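Survey of secondary and tertiary structure
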Amino acid sequence: MSLNYIKNFYEGCLRPPTVIGQFHTLFFGSVRMFFLGVLGFAVYGNEALHFSCDPDKREVNLFCYNQFRPITPQVFWALQLVTVLVPGAVFHLYAACKSIDQEDILQKPVYTVFYIISVLLRITLEVVAFWLQSHLFGFQVNPIFKCDAGSLDKKYNFTRCMVPEHFEKTIFLIAMYTFTVITMVLCVAEIFEILCRRLGFLNNQ
């Protein structure tokens, strides 16, 4: 593997062809991942241990927690981040293999279209993640969760469970929704920047 190949791959992955794209990479890679990795663990790290129901028995708590959290938020958001990165990573890998630099993406129509498609895919994935998050977690975490424990033991039927640190989780949910919206706005702005710079290049020609 040549040094030029490594150099092109490194620059392609870390330096998108637009200013907004570079800001999006910084925002996405630094702020969003730091927020999820550090604060997400602090808010959701011990949730299962502090989740308690009436009666406060281990099997009831575990059964109701699995009902309350079909998927843990940390896992969902980690999957979201990885999935959203895939279209850009595939394009930049292709660009590195073909020795395509940033100017080629803005000047050659084929590469411009491919890059815009990768950005549109990112937007689509973010919209899907937003929809899934709203259905899985809602927009607010209530302090009380009513669990249907009848299938575990008929004498329990519906039981009430206390959700720990529900206010902090609500704030964190709103923050993750906000990050998703900001990412989508940046992607749309990047497409406009690409089109404007493309038109400017054609006018200069």
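Provided above is the structure to which this section pertains.
What this report covers is the structure whose coordinates are included nearby.

How each quantity is defined
Residues numbered from 1 in each chain as written. Predicted model: local features only at pLDDT ≥ 70, side-chain atom pairs only at ≥ 80, totals over all residues. Heavy atoms only, no water. Buried < 20%, exposed > 50% of the residue type's maximum accessible area, 1.4 Å probe, protein only. Helix = DSSP H or I, 4+ residues; strand = E, 2+ residues; numbered from the N terminus. Arc of directions from axis to C-beta. Contact = heavy atoms within 4.5 Å. Phe/Tyr/Trp six-rings, centres within 6.5 Å; stacked < 30°, edge-to-face > 60°.

What follows covers helix H4 (residues 58-68). Spacing of three or four residues puts side chains on the same side of an α-helix, whose turn is 3.6 residues. When we look at burial in H4, the residues that qualify are Val60, Asn61, Cys64, Tyr65 and Phe68. Axial view of H4: buried residues confined to an arc of 125°, hence all on one face. Check the buried side of H4 and you find it contacts helix H3 (47-50), strand E1 (52-53), strand E2 (144-148) and strand E3 (158-162).

The next point concerns the packing of aromatic side chains. Enumeration according to the criterion identifies 13 aromatic pairs in this entry. Summarising the aromatic geometry, the rings of Tyr44 and Phe172 are spaced 5.6 Å apart at their centres and angled 80° between planes, so their arrangement reads as edge-to-face. Here the residue Tyr44 occupies a position in helix H2 (residues 19-44), and Phe172 occupies one in helix H8 (residues 166-204), the gap between them amounting to 128 residues. The same class applies to Tyr44 as to Phe172, namely buried.

Looking at the secondary structure, you find Thr183 in helix H8. Every residue in contact with Thr183, bar those within four places of it in the chain, is listed here: His24, Phe27, Phe28, Arg32 and Glu126.

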